[in-house]
Each structure stands twice: as structure tokens, then as C-alpha cells.
2 protein chains.
Amino acid sequence: MQELKERILKEGKVLPGNIVKVDGFLNHRIDCKLMADIADEFAKLFDLSKVDLILTAEASGIALAAICAYRYGLPMVFAKKAKSDNIEGGLYQSEIYSYTYKKKVTQILSKEWLTKDNHVLILDDFMANGEAVRGLCELVEQAGAELVGVGIAIEKGFQGGGDRLRNMGVNYHALAVIEKADENGIIFRED
Amino acid sequence: MQELKERILKEGKVLPGNIVKVDGFLNHRIDCKLMADIADEFAKLFDLSKVDLILTAEASGIALAAICAYRYGLPMVFAKKAKSDNIEGGLYQSEIYSYTYKKKVTQILSKEWLTKDNHVLILDDFMANGEAVRGLCELVEQAGAELVGVGIAIEKGFQGGGDRLRNMGVNYHALAVIEKADENGIIFRED
């Protein structure tokens, strides 16, 4: 998606450890007009007539997923982060490893809001190692729901999360795949 | 707001400890159409021509604030929860007490995305003791920005957070104020 790539090149910052910071428009300050354009791009890539629920993960995916769901006329649900010792009943849960916080995180989702009858599109702002999305896929599987696809705004292609989904045959699309990010700048993977 | 009150009465659950659970449409599963109606209601109560930034708190306020900001054509920024020992430079920060997690939480916001030139409308899904909003007001003050107002979807009137803001003279509006929530049901404060 050209508009998104241009914003990344113009406003993104590469920090030590190949961290790509895009918090001016995607995951701290939110450019809502850009989120709507991203929503329209996902709408071209996925058959939304087959989707009845948008699923994302707390916290940075929520803004994007909410604006997408609003534009599609669909409900949205987000998996919450929980401490492992604070699990109530009636929940799906998945264990993921957070590279940001360097610890295990439990994602929880109420069984009330995801059932075997749902057709789910997972959307998230960022994919690096892909742990958050792996956990979301597990929640969908636990529910016995259908995973229609996974859409990501920015993928860090060199960290493997996106390629693992591609290799698994998931209907996966990322709108901007960063192949390299270092002191020399950002290079995208060819479409 | 009649539509919101009806949804609370129809789908809300009162749990022990006067907890009002509305996670089917507001803060776990999100009814995006209702969020848009709430956005329109806030637009009647606040002079949006004076607002250039929507501010909310991670995590449950993000979906509502994002859809509001999108409809108003404004950017949105959300304060992040941080561990006190993980504070970087260039940040505003406020200490609040989380009654949900029964511990102190530090809210952080990058100085890049809130400055003295901003005119801020704080929006959040829920107000109980008002700690999250108190922390957000502090961030606005630290930036030297102007606080145009505070809008809340559901206020638990009996927990004092909303009345404290009213008494301080803040331009504050809540769309549904719950006066009482117990085993006998939910009663709203008269408008």
C-alpha cells in the first residue's frame, strides 16, 4: 500500500535493535484518516461478505480494528492481556511471549463473544515475531470458529511471523512488509 | 442518551461489588454502530470546532475514542500503561491507582504527540473513581495544553469520579450516569 509505505519512510524511525517506531500515526498517536484508508485496502484483499467479526489484540491493534469494523458495519472484539494468576471461568486463553515486555503474556477472550458460528478476520497494526497473532489464531481455533484471514498493516518481514503464516496457508496479507531496517534506513520487500 | 441507557438495561450485568459489566457492546466486544451514535451525542455536547486532539487511556477507551476521532476528522492519542521502572525520556507521566488491578499504574504519553498548542477533548468508555481521567487531565496540564472537555459514555455516579470533575468546573458530560447498581437492578441518575 503506497500511502502507508510513504508514511513509514517519512515519519518512521529506526531504533537500535531493528525497532521501527511509527507511533506518530499508527500505535500511539492515531491518524484516523489513514486507518480508514487501510480499512479500504483490507476490504480489497479479503471477502468481507464472509466475515462477521473483527478480532484484534490489546492494546495497539484496537484503534485500527475499531475503525475497520466501523467501516465494514461489523462488531469488533479484542483479546485482553491477563496475568496468568487472574483467569476467570468462561474464557478462551492463549499463552504468547511478548518480545516487547520480555515475558509470557496470557491473552483472554470471553466465550460469550466468539463462538463456533463466527467467521473471523484478525486485524492488527504490527507483525514482528507474530506471537500476538499466533495467540489470536489459537483463540479462534479453541472457539471452533472459522478464520477467514489475517490482515496486518506493517510486517517486519525479517522477523519471520508473516512468513510462518504464509507457509501455513493462512489467507494472510500485510500492507507494507519491511525487509530491512537499520541505520541506513528502511527497505520494503517487493510486492 | 436514551439508546445507551436501554442497552445498559438490556445487556448490562451487575456483579458483586457493584460492578457493571457491559462487555458485550462497550469494552470487550465493541458495537461499532453504537460507538458512532455515542460520537454523535458527544458532538452535540462539546464544541468540536475548538478541539484538535482526542485523548484517551489504554486500553478499553481506545475503540470508542478512535471511532469518535474518525467521525470528527481528528487525530487520537492514547496514554499507555507503563511499569514505573520502565520510563524512558521525552514522556509526560501520571501516577494513578487502578481499582481493577488493585495497584498503582503509571500512564505515559510521548511529548511529541501532545504540546501546549493542543486543544484536547478527553473521551473514555467508563468512569468510576475517575483515576484514569484524573491522570489524563494531569498529562494535559503537564503539556500546558488546553482541556476543552471530558466526555464519558457510562459513569458510575455513586463512585464519585464524575462529581469531582463537575465540582472542579470541568466541562464534563457523561451520557448515562448510573446512580445505583445492585441485585435489584440498575437505576440511572435523572438528567
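Structure shown above.
Sequence order sets the numbering: in each chain, residues are counted from 1 along the sequence as written. Chains and ligands are labelled sequentially in the order written, the chains with letters from A and the ligands with numbers from 1. Only residues with pLDDT of 70 or above have their local features reported here, since the model is predicted, and side-chain atom pairs are shown and tallied only from 80 upward, although totals for entire chains, interfaces and linings are computed over all residues. Side-chain measures here rest on the full set of heavy atoms in the structure, leaving out hydrogens and waters.

**Overview of helix 3 (residues 61-72) of chain B**
Part 1 of the reasoning: By definition, any uninterrupted DSSP run of H or I lasting at least four residues is a helix, any uninterrupted run of E lasting at least two residues is a strand, and each is numbered from the N terminus. Expected span of a helix: the number of residues minus one, times 1.5 Å. A rise of 1.5 Å per residue sets the reference length of helix 3 of chain B, with its 12 residues, at 16 Å; its end C-alpha atoms lie 16 Å apart and thus fit the reference within 8%.
Part 2 of the reasoning: Turning to helix 3 of chain B, its buried residues number three or more, namely G61(B), I62(B), A63(B), L64(B), A65(B), A66(B), I67(B), C68(B), A69(B) and Y72(B). Burial classes: relative accessible area under 20% of the type maximum marks a residue as buried, over 50% as exposed, and values in between as partly exposed (1.4 Å probe, protein chains only).

**Considerations on the environment of L121(B)**
Residue and element names in this part refer to chain B.
Part 1 of the reasoning: Structurally, L121 is set in strand 8 (residues 119-127).
Part 2 of the reasoning: Looking at L121, the relative accessible area reads 0%, which means it is buried.
Part 3 of the reasoning: The spacing of L121 and C137 is 16 residues in sequence and 10.0 Å in space, taken between C-alpha atoms.
Part 4 of the reasoning: Note on contacts: a residue pair is in contact if any heavy atoms of the two residues lie within 4.5 Å. The residues contacting L121, other than those within four sequence positions of it, are F46, L48, V51, L53, I54, L55, G149, V150 and G151.

**Some thoughts on the state of the cysteines**
Part 1 of the reasoning: We call a pair of cysteine sulfur atoms a disulfide whenever their separation is within 2.5 Å. For the structure shown, the criterion picks out zero disulfides over all chains.
Part 2 of the reasoning: In this model C32(A) remains outside any disulfide bridge; the closest cysteine sulfur is found in C68(B), 9.7 Å from its own.
Part 3 of the reasoning: A disulfide-free cysteine, C137(B) has its sulfur positioned 17 Å from the sulfur of C68(B), the nearest such atom.
Part 4 of the reasoning: Look at C137(B) and you get buried, because its relative accessible area is 16%.

**Points about the relation of the copies chain A and chain B**
Part 1 of the reasoning: Note on the identical chains: chain A maps onto chain B by a rotation of 180 degrees and an axial translation of 0.0 Å, with an RMSD of 0.0 Å. In symmetry terms, the pair is related by a two-fold rotation axis. For this overlay, a least-squares fit was computed on C-alpha atoms, restricted to residues scoring pLDDT of at least 70 in both copies.

**Here's the deal with the side chain of K5(A)**
Part 1 of the reasoning: With respect to the helices, strands and loops of the structure, K5(A) is situated in helix 1 (residues 2-11).
Part 2 of the reasoning: Excluding residues that lie within four positions of it along the chain, K5(A) makes contacts with L175(A), A176(A), F188(A), R189(A) and D191(A).

**Remarks on the interface of chain A and chain B**
Part 1 of the reasoning: Every contact between the two is made by 32 residues of chain A and, on the other side, 32 residues of chain B.
Part 2 of the reasoning: Summing both sides of the interface, chain A and chain B together bury roughly 2,900 Å²; the carbon and sulfur share of this comes to 61%.
Part 3 of the reasoning: Accessible area that two parts lose when put together, evaluated with a 1.4 Å probe and summed over both, is termed the buried area. Ranking the residues of chain A by area buried against chain B places H28(A), Y70(A) and W113(A) at the top, with a combined share of 25%.
Part 4 of the reasoning: A pairing counts as a salt bridge when a side-chain nitrogen of Lys or Arg comes within 4 Å of a carboxyl oxygen of Asp or Glu. Between the two partners, chain A and chain B, sit two salt bridges.
Part 5 of the reasoning: Where K13(B) meets E112(A), a salt bridge forms, and the shortest distance between an N and an O atom there is 3.0 Å.

**Some thoughts on helix 4 (residues 131-143) of chain B**
Note that an α-helix has 3.6 residues per turn; residues three or four places apart therefore point the same way.
Residue and element names in this part refer to chain B.
Part 1 of the reasoning: Helix length check: helix 4 (13 residues) gives 19 Å between terminal C-alpha atoms against 18 Å at 1.5 Å per residue, within 8%.
Part 2 of the reasoning: Of all the positions in helix 4, only E131, V133, G135, L136, C137, L139, V140 and A143 are classed as buried.
Part 3 of the reasoning: G144 lies just past helix 4 and shows a positive phi near 75 degrees.

**Some remarks on the packing of aromatic side chains**
All names here are of chain A.
Part 1 of the reasoning: By convention, a stacked pair of Phe, Tyr or Trp rings (six-membered ring in the case of Trp) has centres within 6.5 Å and planes under 30 degrees apart, an edge-to-face pair has planes over 60 apart, and any other such pair is tilted. Applying the stated rule across the entire model yields five aromatic pairs over all chains.
Part 2 of the reasoning: The interplanar angle of 50 degrees and the centroid separation of 6.2 Å between the aromatic rings of F42 and F46 together place this pair among those described as tilted. By the burial criterion, F42 is buried, and F46 matches it.
Part 3 of the reasoning: Ring geometry for Y97 against Y99: centres 5.0 Å apart, planes inclined by 85 degrees, an arrangement best described as edge-to-face.
Part 4 of the reasoning: Among the residues examined, Y97 registers a relative accessible area of 35% and is labelled partly exposed.
Part 5 of the reasoning: Cation placement over rings: the criterion is NZ of Lys or CZ of Arg within 6 Å of the ring centroid and within 35° of the ring normal. Directly above the ring of F188 sits K5, whose terminal nitrogen or CZ lies 5.7 Å from the centroid.
Part 6 of the reasoning: Lying over the aromatic face of F25, R7 brings its terminal NZ or CZ to 4.9 Å of the ring centre.

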